[in-house]
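As a plain string of letters, each chain reads:
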Amino acid sequence: RKEVEQDPGPFNVPEGATVAFNCTYSNSASQSFFWYRQDCRKEPKLLMSVYSSGNEDGRFTAQLNRASQYISLLIRDSKLSDSATYLCVVNWSWGKLQFGAGTQVVVTP
Amino acid sequence: DVKVTQSSRYLVKRTGEKVFLECVQDMDHENMFWYRQDPGLGLRLIYFSYDVKMKEKGDIPEGYSVSREKKERFSLILESASTNQTSMYLCASFPGGTTPTNEQFFGPGTRLTVL
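Here the structure is a predicted model, which means the values were calculated and not measured.

A. Inspection of the pattern of salt bridges at higher detail. Overall, the coordinates contain 11 salt bridges over all chains when judged by the stated rule. Across the pair Arg59(A) and Asp82(A) runs a salt bridge whose closest N-O atoms are separated by 2.8 Å. Here Arg59(A) is found in the loop between β6 (55-57) and β7 (60-65), whereas its partner Asp82(A) is found in the loop between β8 (70-75) and β9 (84-93), with 23 residues between them in sequence. Its relative accessible area of 22% is what places Arg59(A) among the partly exposed residues. With a relative accessible area of 3%, Asp82(A) lands in the buried category. Note that Arg36(B) and Asp38(B) form a salt bridge whose closest N and O atoms lie 2.8 Å from each other. Neither Arg36(B) nor Asp38(B) differs from the other in exposure class; each is buried.

Structure below.
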């Protein structure tokens, strides 16, 4: 069983629409949570951290549900430039990250 | 801006060759990591280092070794390359101590093909 599981997609989203997707993690001792973004043939980059109370960064909203062991990412008013693979990342031990395989989002005109 | 560079973007080697992948970061980070990324599997940690000459095994260290002689440089070594080591290799770093985000900064990756 994978430590971090994500729906691979692709999620095809019309420009301007909202898209949301989850990831689940298996280690209940996980301490911190992140979403990274990876463009095609590029390296991953941190999109946002995910806090217990939920947090927003512009059009992006992240939620954490510790009881059910999942985190979510919602993108509002999707832009063409949001097309990417979104990696769910969990930190269960200092400095060591567990990555999901990613959810591909394709925003269409 | 943190900059992490890797010695090659694309590399083609033959089975049995010794392969060196180099990673350099310019932000004086204590911690450096080597991952491989394969379709459907995500990034998997091979080795990491939290200080010069220190190294720790990650989740998939078999077939790999590492070297960290200087703080800014972390090398991944494939002693005898095999076809199942064909992959994208990503290096990352982050500073010591506690950071608000624990963000890891990645290099551009090396796509290694072993024939």
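There's plenty left to go through after this.
B. Spatial organisation of the sheet that holds strand β3 (residues 19-25) of chain A. Residues and elements named next belong to chain A. Spatial ordering of the open sheet is given by β1-β3-β8-β7-β6, a layout of 5 strands whose pairing is antiparallel. Whereas interior strands pair on both sides, the edge strands pair on one side only; in this sheet they are β1 (4-6) and β6. In this sheet, adjacent strand axes meet at a mean angle of 20° when their direction is disregarded. Where β3 and β8 come together, 6 bridges link them in antiparallel fashion. Bridge pairing in β8 links Asn22 to Ser72.

C. Highlighting the sheet that holds strand β7 (residues 65-70) of chain B. Residues and elements named next belong to chain B. Taken in spatial order, the 4 strands line up as β1-β3-β8-β7 in an open sheet, and their pairing is antiparallel. Strands at the two margins of the open sheet, each flanked by one partner only, are β1 (4-6) and β7. Pairwise comparison of adjacent strand axes, ignoring direction, gives a mean angle of 20° for this sheet. Pairing of strand β3 (residues 19-25) with strand β8 (residues 73-78) involves 6 bridges; the strand directions are antiparallel. Its bridge partner lying in β8, Val19 is registered against Leu78.

D. Inspection of the state of the cysteines at higher detail. Residue and element names in this part refer to chain B. Applying the stated rule across the entire model yields 2 disulfides over all chains. Here Cys23 engages in a disulfide with Cys91; their sulfurs sit 1.9 Å apart. Taking the sign of the S-S torsion, about -75° here, the bridge from Cys23 to Cys91 comes out left-handed. Here the residue Cys23 occupies a position in strand β3, and Cys91 occupies one in strand β9 (residues 87-94), the gap between them amounting to 68 residues. For Cys91, a relative accessible area of 0% puts it in the buried group.

E. The arrangement of the packing of aromatic side chains in detail. Here the structure, examined in full by the defined rule, presents 13 aromatic pairs over all chains. With 6.2 Å between their ring centres and 20° between their planes, Phe33(B) and Tyr35(B) make a pair best called stacked. Look at Tyr35(B) and you get buried, because its relative accessible area is 0%. Taken together, the aromatic side chains of Tyr36(A), Phe99(A), Phe33(B), Tyr35(B), Phe48(B), Phe94(B) and Phe106(B) make up a single cluster linked through ring pairs.

F. Region of the structure containing the nonpolar core. Counting 22 residues, the largest nonpolar core has Phe21(A), Trp35(A), Ile71(A) and Tyr86(A) as its most contacted members. With 20 residues, the next largest nonpolar core counts Leu21(B), Trp34(B), Ala81(B) and Tyr89(B) among its residues.

G. How the structure looks around the interface of chain B and chain A. Every contact between the two is made by 23 residues of chain B and, on the other side, 20 residues of chain A. With both chains or domains summed, chain B and chain A bury close to 1,700 Å², and 54% of this area falls on carbon and sulfur atoms. The interface formed by chain B and chain A includes 0 salt bridges. For the side of chain B that touches chain A, the class distribution of residues is 10 nonpolar, 9 polar and 4 charged.

Cut-off values and rules
- Residues numbered from 1 in each chain as written.
- Chains lettered and ligands numbered in written order.
- Predicted model: local features only at pLDDT ≥ 70, side-chain atom pairs only at ≥ 80, totals over all residues.
- Heavy atoms only, no water.
- Salt bridge = Lys/Arg side-chain N within 4 Å of Asp/Glu carboxyl O.
- Helix = DSSP H or I, 4+ residues; strand = E, 2+ residues; numbered from the N terminus.
- Buried < 20%, exposed > 50% of the residue type's maximum accessible area, 1.4 Å probe, protein only.
- Pairing = 2+ DSSP bridges.
- Axes fitted to C-alpha atoms, helices over the stretch in contact; angles between N-to-C directions.
- Disulfide = S-S within 2.5 Å.
- Phe/Tyr/Trp six-rings, centres within 6.5 Å; stacked < 30°, edge-to-face > 60°.
- Core = buried A, V, L, I, M, F, W, Y, C linked by side-chain atoms within 4.5 Å.
- Contact = heavy atoms within 4.5 Å.
- Buried area = accessible area lost by both parts, 1.4 Å probe.
- Nonpolar A, V, L, I, M, F, W, Y, C, P; charged D, E, K, R; others polar.

Honestly, that's just the spatial picture; any functional story needs more than this.
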